[in-house]
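Structure at a glance
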Amino acid sequence: MSFRNFPNLTPQQFIDNTIAELKQRLGTDKVVLGLSGGVDSSVTAVLINKAIGKNLYCIFVNHGLLRKNEFEDVQANYKNYGLQVKGVDASDKFLSDLSGVDDPEQKRKIIGRDYIEIFTQEAEKIADVKWLGQGTIYPDVIESQNSKSKTIKSHHNVGGLPKDLKFQLIEPLRMLYKDEVRIVGKALGMDESHLSRHPFPGPGLGVRILGPITPEKVRILQDADKIFIDALKAEGLYDTVWQAGAILLPVKSVGITNDERTYDNVIVLRAVHSVNAMTADCVHLPYEFLDKVSYDIITKVQGVNRVVYDISRKPPATIEWE
């Protein structure tokens with residue numbers, strides 16, 4: 001297999017070249033890297049770790065917008081890779097700064113800004129940190145670029161970074177697509193269950209809660225999303241889907257619970273097939289499966305009385321709603 005932007009390289013050659021370049025570029029410098037728990041940042045961390053070892057300091061920030069129990073689960077998963085990882089719970093700060101913010105681009109920029117602020121605070125506890133490692137991949141770059149048309153959306157690790165960034169950026173996967181990142185991770189010997197993990201946006205559930213974010217909305221979406229993802233795994237459907245998740249709409253609808261009228265939230269379920277995140281098709285999940293998941297969400301998640309399924313393609317829609 002060769003890469004689209006590096007057609008003459010095999011995965012192992014890409015790894016060898018990247019590690020050599022990182023060693024030359026970084027030398028004995030220290031790098032702080034923000035782990036998200038996803039494939040991109042994880043493969044980035046393992047690559048940089050192979051180049052500079054103990055000079056890589058990984059920080060996993062809980063911005064309060066992770067999936068349910070993800071802060072604890074992800075930290076446990078990283079123990080297998082020999083990485084130095086510090087978990088930082090900054091959820092109160094992020095949710096406070098996002099309070100009342102409706103515009104999706106503004107949300108992304110706030111989350112990106114706060115990430116760097118937290119990194120800076122943590123990096124100040126480590127002497128002489130010069131670099132910020134990022135799991136940026138090629139679709140992030142393309143969608144964040146300005147061209148004749150307006151930016152599709154800025155990514156927290158591209159368009160959301162503040163101009164007064166105190167670190168130099170190191171992005172070893174910047175020219176790779178998502179499928180290529182997984183291939184590199186496999187060649188690095190990373191665990192398949194980690195590599196097969198669905199993509200998850202850097203801003204987390206912040207771009208799956210349309211409109212202003214509140215702790216209550218986060219709770220509702222975390223509970224609904226967990227039911228959906230757990231059901232996909234239980235039914236053997238998870239690995240047949242490229243990305244899946246739940247979205248909370250900024251509308252309410254009339255429903256009936258225990259013979260009483262309700263006026264509660266609407267959850268959207270989204271599942272897509274893709275190769276490189278540039279295009280995507282809706283997954284035709286079995287009707288019986290969707291029926292059961294819908295029933296479980298409505299009956300088990302307080303504050304939800306309607307579930308719908310998104311059948312849009314990318315383009316014209318995007319995979320995420322914001």
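Residues numbered from 1 in each chain as written. Predicted model: local features only at pLDDT ≥ 70, side-chain atom pairs only at ≥ 80, totals over all residues. Heavy atoms only, no water.

Moving on: the overall build of the protein. What the protein contains, in helices and strands, is 10 helices and 9 strands. In terms of principal-axis extent, the alpha carbons of the protein reach across some 70 × 45 × 40 Å. Within the protein, buried positions represent 56% of all 322 residues. Partitioning the contacts of the protein with sequence separation of at least 6, the portion at a separation of at least 24 is 74%. When the accessible surface of the protein is split by element, carbon and sulfur atoms take 49% of a total near 15100 Å². Looking at charge distribution, the protein has the averaged site of its 40 positive side-chain charges lying 4 Å from that of its 42 negative ones. (Helix = DSSP H or I, 4+ residues; strand = E, 2+ residues; numbered from the N terminus. Buried < 20%, exposed > 50% of the residue type's maximum accessible area, 1.4 Å probe, protein only. Contact = heavy atoms within 4.5 Å. Areas by Shrake-Rupley, 256 points an atom, 1.4 Å probe, with all protein chains shown as cover. Lys, Arg positive; Asp, Glu negative; His and termini not counted. Charge placed at Lys NZ, Arg CZ, Asp CG, Glu CD.)

What follows deals with the packing of helix α1 (residues 11–26) against helix α7 (residues 178–187). As a packed pair, α1 and α7 sit with axes 9 Å apart at the nearest point and diverge in direction by 80 degrees. Taken together, the axis directions place α1 and α7 in an arrangement best described as roughly perpendicular. Each of Pro 11, Gln 12, Phe 14 and Ile 15 in α1 lies in contact with α7, whose residues at this interface are Ile 183, Val 184 and Ala 187. Its residues assigned to classes, the contact of α1 with α7 comprises 6 nonpolar, 1 polar and no charged. (Axes fitted to C-alpha atoms, helices over the stretch in contact; angles between N-to-C directions. Parallel < 35°, antiparallel > 145°, perpendicular 65-115°, else oblique. Nonpolar A, V, L, I, M, F, W, Y, C, P; charged D, E, K, R; others polar.)

Under the counting rule described, the total for this entry stands at 22 salt bridges. Put simply, Lys 93, Asp 97, Arg 113, Asp 114 and Glu 117 are held in one network by salt bridges that share partners. (Salt bridge = Lys/Arg side-chain N within 4 Å of Asp/Glu carboxyl O.)

What follows is about the confidence of the model for the protein. Of the residues in the protein, 92% reach a pLDDT of 70 or more, and the chain-wide mean stands at 89. Averaged pLDDT values over the elements of the protein bottom out at 76 in helix α6 (residues 138–144) and peak at 98 in helix α9 (residues 215–234). With pLDDT under 50 throughout, residues 146–160 is counted as low confidence; its partners more than four residues away or in other chains account for 44 contacts. (pLDDT = per-residue confidence, 0-100.)

Within the element layout of this structure, Glu 171 appears in the loop between β5 (168–170) and α7. Polar contacts involving the side chain of Glu 171 include one to the side chain of Thr 136, which spans 2.8 Å. In terms of polar contacts, Glu 171 uses its side chain to reach the side chain of Arg 174, at 2.6 Å. (Polar contact = N/O pair within 3.5 Å; in protein donor to acceptor, adjacent residues only side chain to side chain.)

A word on the pairing of strand β1 (residues 30–35). Across the 6 residues that make up β1, a large majority, 5, are buried. Alignment of β1 against strand β4 (residues 129–133), held across 4 bridges, turns out to be parallel. Directly across from Val 32, in β4, lies its bridge partner Leu 132. With 5 bridges connecting them, β1 and strand β2 (residues 56–62) associate as parallel partners. Looking at β2, one finds that Leu 33 is bridged to Cys 58. A crossover connection joins β1 to the parallel β2 through helix α2 (residues 39–52); in handedness this β-α-β unit is right-handed. (Pairing = 2+ DSSP bridges. Right-handed = clockwise from strand over helix to strand, strands pointing away.)

As a packed pair, α1 and α2 sit with axes 9 Å apart at the nearest point and diverge in direction by 60 degrees. Put simply, α1 runs oblique to α2. Like other packed secondary-structure pairs, α1 and α2 cross with a definite hand, here right-handed. Here Ile 15, Thr 18, Ile 19, Leu 22, Lys 23 and Leu 26 of α1 come into contact with α2, specifically with Leu 47, Ile 48, Lys 50, Ala 51 and Ile 52. For the contact of α1 with α2, the class distribution of residues is 8 nonpolar, 1 polar and 2 charged. (Left-handed = near helix turned anticlockwise from the far one by under 90°.)

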